[in-house]
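A look at the structure
Each chain, written out:
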Protein chains: 2
Amino acid sequence: MQNSLRPAADSPTGPRAHASGRTEQLFGIRRHAAMPERDGALNPAAFEAGPWCLDLDGRPTGAAATVIMDNATAVAVHHAAPGVETVVTTELQINVLAPLPAFDAAAITEGRTEGPLLECWTRPLSWDAGGGVGRAWLEDAEGRRIVEATGWFQAVPTGAPENRAAFTAAAALPRGPETRVPMPGLLAARPETLPPADRAVRPAVTAAVAPGARFAPKPELANPSGAVHGGAMTLRAVVAAQAAMPDRELYDVQAVRVVFTRPGHGEMVALTRVRHAGRSLRLVDVDLVPVGEDGAPVAEKPMVQVQVTFRAAR
Amino acid sequence: MQNSLRPAADSPTGPRAHASGRTEQLFGIRRHAAMPERDGALNPAAFEAGPWCLDLDGRPTGAAATVIMDNATAVAVHHAAPGVETVVTTELQINVLAPLPAFDAAAITEGRTEGPLLECWTRPLSWDAGGGVGRAWLEDAEGRRIVEATGWFQAVPTGAPENRAAFTAAAALPRGPETRVPMPGLLAARPETLPPADRAVRPAVTAAVAPGARFAPKPELANPSGAVHGGAMTLRAVVAAQAAMPDRELYDVQAVRVVFTRPGHGEMVALTRVRHAGRSLRLVDVDLVPVGEDGAPVAEKPMVQVQVTFRAAR
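Residues numbered from 1 in each chain as written. Chains lettered and ligands numbered in written order. Predicted model: local features only at pLDDT ≥ 70, side-chain atom pairs only at ≥ 80, totals over all residues. Heavy atoms only, no water.

1. Re the overall build of chain A
How we decide: By the criteria applied, helices consist of DSSP H or I runs no shorter than four residues and strands consist of E runs no shorter than two, each listed in order from the N terminus. For this measure, only C-alpha atoms enter the radius of gyration; the expected value for a globule follows 2.2 Å times N^0.38, where N is the number of residues. Accessibility here uses a 1.4 Å probe with only protein chains present; expressed as a share of the type maximum, an area under 20% marks a residue as buried, one over 50% as exposed, and anything in between as partly exposed. The contact rule is simple, with two residues in contact once any of their heavy atoms fall within 4.5 Å. Residue exposure ignores everything except the shown protein chains as possible cover, and the areas themselves are Shrake-Rupley values with a 1.4 Å probe.
Helix and strand counts for chain A stand at six helices and 13 strands. Taking 2.2 N^0.38 as the reference for a compact globule, 314 residues should give roughly 20 Å; the C-alpha atoms of chain A span a radius of gyration of 19 Å, in line with that estimate. With respect to the principal axes defined by its C-alpha atoms, chain A has extents near 55 × 45 × 40 Å. Buried residues in chain A amount to 61% of all 314 residues. A fraction of 73% describes how many contacts in chain A between residues 6 or more apart in sequence connect residues 24 or more apart. With the model as given, the accessible surface of chain A reaches about 11,400 Å², and the carbon-plus-sulfur share is 56%.

Have a look at this one:
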């Protein structure tokens, strides 16, 4: 596996075509027409902070950058490995380093203003013909890193052209006020499965998983292969992890790690397990699994396996 | 939380005292007397590759760098946050980007040669009075990154001086041939709990955990607080994750994520669960838990909760 700390002037990081779809549009990705390069890192897009960064309690979280982090790390690997046509994410790690810049959610929803932009940078860390690993991050105007991610990718055969066409077409859907809303709505979370927050109730640590948040099918969230976008899958798991903690308003997402095991399709239910519930640190496991014909979760067919850590809010 | 993409000339990254113990010595940390700085990153030590990088089947793995990655990310946060005296790791993510340089294990054990060195660099990513997050990596002579890590830390009260004295004293123990051996021995793994490898046997994916590798108490592995060093705890979990996969020789460690929930003390047993066993990707969960008076694992008191991903060996 070839790799590089500081891709040199001859590193193969020139722009290659990357299709963008509806999920990218909904979750704040604002692509640049050209891709600036700095010290071997690429700047394919900016991230617009906005209502799509609000969690199930209306609190902003940098975890919302998961979609752009998944895409940007893929861009880095894709550009570094010229023989690789199509990649799938096998694992994604997101670290939320600092709060997002403030924004006026109501004004953005009403179309009176746009959200603040964070530039997205990415660089390949290591790659070969079979795939690779890349780093991406969002930085503010002062160069501070707000969110960082590491993404692992495998080369796969290119999917059916009709899925790609549907993906691209969905990106042309209108971006009306109904698309400028908090994360759970964009992710098609079923509201009746999201319990209210209660700062007085600490979650129970259990050995067994419990069914939690559910998500309706939403074709707009498809990736170019026709499955649900990996970034959207990850965000669904983050929402489900939060929903499993009644006192979640006292905690911020620290880091998210997702392993992609099967393509995401159809109605999904989160099987959650609070593994640690300390005062300063939390660990919640989430598997997103399909729903069987009898309406029960199919635990043995997880589509993503996710662990979310939280730290005390500051 | 203050943070920085590129610590400037006035960033508080000057050297501060960092004690080094036996675990550091056993796992390849070769500290520099001075700490070079480059673009805001610090170079506190080099990592010597050697027999301590060999896993339970005698195969080298970059995961062995976990001890230096834990230390180095702590150094970065410690130096960035001048008011923070003592930190504990809450979460550590290790990515193994490329194979280690080749070494002659037998010659190193016999003291006829030393192993190849990889320089260890680290930089703070974000910090405040309560803790922070840092990045560390090992690079080879060509500047290629071989292993990378992200560490999250919390500020804590400084521990008892007698523990710190024992920690420092242990670093003065002789580094004889018995210390230049594969990882399981250094970690005090009980050999009878490490089943032989079998490339023909794929592990079963299960919903329940199973007891796996066991580890004997080993005071040499203490950190300055008197608990087992976080890097050694993590490596024990890596060995246990490998032990849970009979066909492990077909796979390399891709990434390790560990969450530190309780101080590590005494006899430990790994409760393992293979969560995904695909051809190209594996996910194994490991909790290291104490052993009760009846000899049974105490599942509800995990000291670390670890997830290890593996990818097909290349």
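Read on for the rest.
2. What to know about the pairing of strand β4 (residues 41-48) of chain B
All names here are of chain B. For clarity, the cut-off: When DSSP locates at least two bridges between a pair of strands, those strands are taken to pair.
The buried fraction of β4 amounts to eight of the eight residues, a majority that puts the element mostly inside the structure. With three bridges connecting them, strand β2 (residues 29-31) and β4 associate as antiparallel partners. Its bridge partner lying in β4, I29 is registered against F47. As judged from the two bridges shared by strand β3 (residues 37-38) and β4, these two strands associate in the antiparallel manner.

3. Structural notes on the interface of chain B and chain A
Put simply, the rule is: Note: buried area is the sum, over both parts, of the accessible area (probe 1.4 Å) each one loses when the two are combined. By convention in these notes, a salt bridge is any Lys or Arg side-chain nitrogen within 4 Å of a carboxyl oxygen on Asp or Glu.
Tallying the contact residues gives 49 residues for chain B and 50 residues for chain A. For the pair chain B and chain A, the summed buried surface comes to about 4,300 Å²; carbon and sulfur atoms form 44% of the total. In this structure, R135(A) and E148(B) form a salt bridge, with 2.5 Å as the shortest nitrogen-oxygen distance. Elements that contribute at least two residues to the side of chain B that touches chain A include exactly β5 (86-96), β6 (117-128), β7 (131-139), β8 (145-156), β10 (251-260), β11 (268-277), β12 (281-290) and β13 (304-312) of chain B.

4. Observations concerning unusual backbone geometry
Residues other than glycine seldom take positive phi values, yet D39(A) does so here, at roughly 50 degrees. Here D39(A) is to be found in the loop between β3 (37-38) and β4 (41-48).

5. Examining the environment of A171(B)
All names here are of chain B. With respect to the element layout, A171 can be found in the loop between α4 (161-170) and α5 (183-186). Since its relative accessible area comes to 23%, A171 is described here as partly exposed. Residues A171 and P82 lie 89 residues apart in sequence; the distance between their C-alpha atoms is 26 Å. Not counting the four nearest positions on each side in its chain, A171 is found in contact with S20, G21, R22 and Q25.

6. Quick notes on the side chain of T261(B)
Along the polypeptide, T261(B) turns up in the loop between β10 and β11. With relative accessibility at 14%, the residue T261(B) sits in the buried group. Ignoring sequence-local partners within four residues, the contact set of T261(B) consists of H276(A), P302(B), M303(B), V304(B) and Q305(B).

7. Topic: the relation of the copies chain B and chain A
Convention followed: To line up the copies, we fit them by least squares on C-alpha atoms, keeping just the residues with pLDDT of at least 70 in both.
Relative to chain A, chain B is turned by 180 degrees and slid 0.0 Å along the rotation axis, the superposed coordinates differing by an RMSD of 0.0 Å. On this basis, the relationship between the two copies can be described by a two-fold rotation axis. Comparing contact sets, 100% of the residues at the interface of chain B also lie at the interface in chain A, consistent with an isologous, same-surface contact.

8. Description of the side chain of T309(B)
This is how it is decided: Two N or O atoms form a polar contact when they lie within 3.5 Å of each other; inside protein one atom must be a possible hydrogen donor and the other a possible acceptor, and for residues adjacent in sequence the pair counts only when both atoms belong to side chains.
Residue position: T309(B) is located in strand β13. There is a polar contact of 3.1 Å between the side chain of T309(B) and the side chain of R257(A). Those residues within four positions of T309(B) in sequence are excluded, and the remaining contacts are E91(A), R257(A), V259(A), D252(B), V253(B), Q254(B), A255(B), R282(B) and L283(B).

9. A look at the packing of aromatic side chains
Residues and elements named next belong to chain B. Our working rule: Aromatic rings from Phe, Tyr and Trp, with only the six-membered ring used for Trp, were paired whenever their centres fell within 6.5 Å, and each pair was classed as stacked if the ring planes differed by under 30 degrees, edge-to-face if by over 60, and tilted otherwise. Charge-over-ring contacts are defined here by two conditions on Lys NZ or Arg CZ: a distance within 6 Å of the ring centre and an angle within 35 degrees of the ring normal.
Overall, the coordinates contain zero aromatic pairs over all chains when judged by the stated rule. It is R38 that lies over the ring of W121; its NZ or CZ is 4.2 Å from the centre. Over the ring of W137 we find R145; its NZ or CZ atom is 3.9 Å from the centre of that ring.

10. Quick word on the UniProt feature "domain: Acyl-CoA thioesterase-like N-terminal HotDog" (unreviewed entry) in chain A
Inclusion rule: UniProt positions are given in the numbering used here, feature names are shortened, and annotations may be inferred rather than shown by experiment.
Taking the numbering used here, the UniProt-annotated feature "domain: Acyl-CoA thioesterase-like N-terminal HotDog" (unreviewed entry) corresponds to residues 224-310 of chain A. The distance from the first to the last C-alpha atom of residues 224-310 of chain A is 32 Å, and the span holds 16% helix and 43% strand.

11. Section: helix α2 (residues 66-80) of chain A
The condition is simple: Expected span of a helix: the number of residues minus one, times 1.5 Å.
Given a rise of 1.5 Å per residue, 15 residues ought to cover 21 Å, and the 21 Å separating the end C-alpha atoms of α2(A) matches this to within 8%. Among the 15 residues in α2(A), 15 count as buried, and that is most of the element.

12. A look at the pattern of salt bridges
Under the definition given, this model contains 40 salt bridges over all chains. The shortest N-O distance in the salt bridge between R38(A) and E139(A) comes to 3.2 Å. With R38(A) in strand β3 and E139(A) in strand β7 (residues 131-139), the pair connects residues that are 101 residues apart, well separated along the chain. Classification of E139(A) as buried rests on a relative accessible area of 6%. It is possible to trace a salt-bridge network through shared partners that takes in R135(A), R145(A), E148(A), R135(B), R145(B) and E148(B).

13. Thoughts on the domain arrangement of chain A
It is common to give the size of an interface as the accessible area lost on bringing the parts into contact. All names here are of chain A. Threshold: Residue ranges assigned to each domain were obtained from an automatic or database domain assignment.
Split by domain assignment, chain A resolves into domain 1 (2-156) and domain 2 (168-312). Computed from C-alpha coordinates alone, the two centres of domain 1 and domain 2 are separated by 20 Å. Each partner contributes to the interface: domain 1 provides 39 residues, whereas domain 2 provides 44 residues. With both sides pooled, the region where domain 1 packs onto domain 2 buries about 3,300 Å², and carbon together with sulfur makes up 55% of that total. For the domain 1 face of the interface with domain 2, the top three residues by lost area are R22, L56 and R59, together amounting to 21%. Residues E91 and R257 are paired through a salt bridge, measuring 2.7 Å at the closest nitrogen-oxygen approach. Across the domain 1-domain 2 interface, the total number found is 21 residue pairs in polar contact (both at pLDDT 80 or more). Going through the elements one at a time, α1 (22-26), α2, β5 (86-96) and α3 (105-109) are the ones with two or more residues in the side of domain 1 that touches domain 2.

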